[in-house]
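These are the residues of each chain, in order.
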Amino acid sequence: MDHLKTQGISLPKLGLGTFRMQGDACRAAVESALSIGYRHLDTAEMYANEEPIGSAIASSRVPREELHVTTKVWHENLAPDAIRRAFDASLKKLGLDHVDLYLVHWPSKAANWGAVFETLMKLQEEGRTRAIGVANFTTALLKVAVEDIKAPIACNQVEYHAMLDQSKVLGYLQAKSIPLVAYCPLAQGRIASDPVLAEIGARHGATAAQVALKWLLDQDGVAAIPKASRRESQQANLDALKITLDDSDRKKIAALSKDRRCVNPGFAPAWD
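The written sequence of each chain sets the order in which its residues are numbered from 1. At least 70 in pLDDT is required for a residue's local features to be given in this predicted model, at least 80 for side-chain atom pairs to be given and counted, and no such filter applies to totals for whole chains, interfaces and linings, which use all residues. Hydrogens are left out, water is left out, and the side-chain values use all remaining heavy atoms of the structure.

Chemist: When you look at the overall build of the protein chain in this model, what are you seeing that I'm missing?
Modeler: Helix and strand counts for the protein chain come out as 10 helices and 10 strands. Using C-alpha atoms as the atom set, the radius of gyration is obtained and then compared with a globule rule of 2.2 Å times the number of residues to the power 0.38. In summary, the protein chain has a C-alpha radius of gyration of 18 Å against a globular reference of 19 Å for 272 residues, a match within 12%. Projected onto its principal axes, the C-alpha coordinates of the protein chain cover approximately 55 × 40 × 30 Å. The buried label applies to any residue whose accessible area, calculated with a 1.4 Å probe on protein chains only, is under 20% of its type's maximum; exposed applies above 50%, and partly exposed to all values in between. For the protein chain, buried positions account for 55% of its 272 residues. Residue pairs in contact within the protein chain that sit at least 24 positions apart in sequence constitute 75% of those at least 6 positions apart. Only the protein chains shown count as cover for residues, and the accessible areas themselves come from Shrake-Rupley with a 1.4 Å probe. When the accessible area of the protein chain is evaluated, it comes to approximately 11,600 Å², of which 49% is carbon and sulfur surface. His is not counted, nor are the chain ends, whereas Lys and Arg count as positive and Asp and Glu as negative. Charged groups are reduced to one reference atom each: NZ for lysine, CZ for arginine, CG for aspartic acid, CD for glutamic acid. Within the protein chain, the 32 negative side-chain charges are centred at a point lying 1 Å from the centre of the 33 positive side-chain charges. Helix and strand labels come from DSSP, where a helix needs a run of H or I of at least four residues and a strand needs a run of E of at least two; each type is numbered from the N terminus. The contact rule is simple, with two residues in contact once any of their heavy atoms fall within 4.5 Å.

Structural data, given as structure tokens:
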């Protein structure tokens, strides 16, 4: 599988999203994903599933150095002491001595960004997270983090799929050689019923979802973390990597309406 090199880590381009996965079902899904070759797991303190994910990692016996694990701090915990408490709790639930990437989950208007990133950088210096980054940051907030504070941002995780234009934030990230990690890459199931994507898929012996996923992963500096709890869906997402899209396919995808946001960035300032 292709990887993105960023701030000293190697990030598999295709990962497993786990939002709304809980308990034994979450553990089983992660165990399944690891058994068929996934090595990039994405979670967050807000998902309340770090414990079953940790159990799945432990039972999988996949060597730790082969795994990439991302977790996130919630927007209510962005004071320095609160970040440390949240981080300690996440690490304990995951049963790990470090994570590979620790993200600010959502922006907060009350955050002191200098203090936030200073705390995250200290966790990185201590070897407890290999890299730090952000999620749901606008271009304006990215400029604060990258240009004003000069934080070593390893990625920005945002909603991105074939039905949503993210050209502004993607352009900024690409100019700074910072990966974009796409969540909701299948538009929470809406992709599956799109006739244009289905028609492209039919020509490639693939589904609309596989086409949309490959369209994302073909882009420079873009990774994707589709949620998939069933083994068949996890395998289908892996199989999307085998598709070869051509210029005609990409033109048809570019012509799709790009205003279908699935997640309302309610905590963020006005979206750029």
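Chemist: Even after reading the chapter, I still don't get the nonpolar core, so can you show me in this structure?
Modeler: Soluble globular proteins: nonpolar side chains tend toward being buried together. Remark: nonpolar core denotes a set of buried residues (Ala, Val, Leu, Ile, Met, Phe, Trp, Tyr, Cys) joined through side-chain atoms within 4.5 Å. The biggest cluster of nonpolar side chains holds 78 residues, and the ones touching the most others in it are Y102, W113, F117, L120, L180, I191 and I253. Discounting residues that sit within four places of it in the chain, I191 has contacts with A162, M163, P185, L186, L197, A208, A209 and A212.

Chemist: Looking at this structure, I do not really get the packing of helix α3 (residues 80–94) against helix α4 (residues 113–125). What am I missing?
Modeler: If you want to describe how two helices pack, look at the angle between their axes and the distance between the axes. It is the contact of α3 with α4, at a shortest axis distance of 9 Å, that shows an interaxial angle of 35 degrees. The two elements α3 and α4 cross, and the hand of that crossing is right-handed. Across from P80, I83, R84 and F87 in α3, the residues of α4 making contact are A115, V116, T119, L120, K122 and L123. Three categories are distinguished: nonpolar for Ala, Val, Leu, Ile, Met, Phe, Trp, Tyr, Cys and Pro, charged for Asp, Glu, Lys and Arg, and polar for the others, with Gly belonging to the last. In the contact of α3 with α4, the residues fall into seven nonpolar, one polar and two charged. Helix axes are fitted to C-alpha atoms over the stretch in contact, other axes to C-alpha atoms as well, and angles between N-to-C directions run from 0 to 180 degrees. Should the near helix be turned anticlockwise from the far one by less than a right angle, the crossing is termed left-handed; should it be turned clockwise, right-handed.

Chemist: Sorry if this is basic, but what is going on with the pattern of salt bridges here?
Modeler: Opposite charge on two side chains lets them pair, provided their charged atoms get close. Here a salt bridge means any side-chain nitrogen of Lys or Arg lying within 4 Å of a carboxyl oxygen belonging to Asp or Glu. This structure, assessed with the given rule, holds 17 salt bridges. The salt bridge involving D42 is made with K72; its shortest N-O contact spans 2.6 Å. Taken together, the residues span a long stretch of sequence, with D42 in strand β4 (residues 40–42) and K72 in strand β5 (residues 68–73) at a distance of 30 residues. Just as D42 is buried, K72 falls in that class too. Taken together, the shared-partner salt bridges in this structure form one network comprising E199, R203, D249 and K252.

Chemist: I'm lost on unusual backbone geometry in this one. Help?
Modeler: Generally, phi is negative for residues other than glycine and the peptide bonds are trans, each holding for most cases. A positive phi angle, close to 70 degrees, is found at R20, a residue other than glycine. Topologically, R20 is positioned in the loop between β3 (16–17) and α1 (23–35). With relative accessibility at 59%, the residue R20 sits in the exposed group. Even without a glycine there, the phi angle at K150 is positive, about 60 degrees. Tracing the backbone through its elements, the reader meets K150 in the loop between α5 (139–148) and β8 (153–159). For K150, a relative accessible area of 61% corresponds to the exposed category.

Chemist: Help me out: how do you make sense of the confidence of the model for the protein chain in this one?
Modeler: Note that predicted coordinates carrying low pLDDT should not be read in detail. On average, residues of the protein chain score 95 in pLDDT, and 97% of them reach the 70 mark or higher. The predictor attaches a confidence to each residue, called pLDDT, with possible values from 0 through 100. Every residue in residues 267–272 scores below 50 in pLDDT, and together they form 20 contacts with partners more than four places removed in sequence or on other chains.

Chemist: What exactly am I supposed to notice about the environment of R250 here?
Modeler: You can see R250 is positioned in helix α10 (residues 247–254). Residue R250 is classed as partly exposed on the basis of its relative accessible area of 32%. Along the chain, R250 and I200 lie 50 residues apart, while their C-alpha atoms are 9.6 Å from each other. Apart from residues no more than four positions distant in its own chain, R250 is found in contact with W215, D218 and L245.

Chemist: Help me out: how do you make sense of the environment of A202 in this one?
Modeler: Among the structural elements, A202 can be located in helix α7 (residues 195–204). Judged by relative accessible area, which is 59%, A202 ranks as exposed. Taking C-alpha positions, A202 is 33 Å from L173, a pair spaced 29 residues apart along the chain.

Chemist: I tried to follow the pairing of strand β1 (residues 3–6) on my own but got confused; where do I start?
Modeler: Consecutive residues of a regular strand have side chains that alternate between opposite faces of the sheet. Along β1, the buried face is formed by L4 and T6; none of H3 and K5, which line the opposite face, is buried. Counting the residues in the hairpin turn of β1 and strand β2 (residues 9–12) gives two residues, including Q7, whose phi is positive at 50 degrees. Strands are labelled as partners when DSSP assigns at least two bridges between them.

Chemist: Quick question: what am I supposed to make of the sheet that holds β4 here?
Modeler: Neighbouring strands of a sheet are bound in pairs by backbone hydrogen bonds; such pairs are parallel or else antiparallel. Across the sheet, eight strands lie side by side as β3-β4-β5-β6-β7-β8-β9-β10; this open sheet has parallel pairing. Edge positions in the open sheet fall to β3 and β10 (222–224), since each of these has one partner strand only. Sheet analysis places strand β7 (residues 132–135) next to β8, joined by three bridges and oriented parallel. Following the sheet pairing, I132 is matched in β8 by I153. Packed on one face of the sheet, helix α6 (residues 167–175) meets β8, β9 (180–183) and β10 and runs near 150 degrees to β9.

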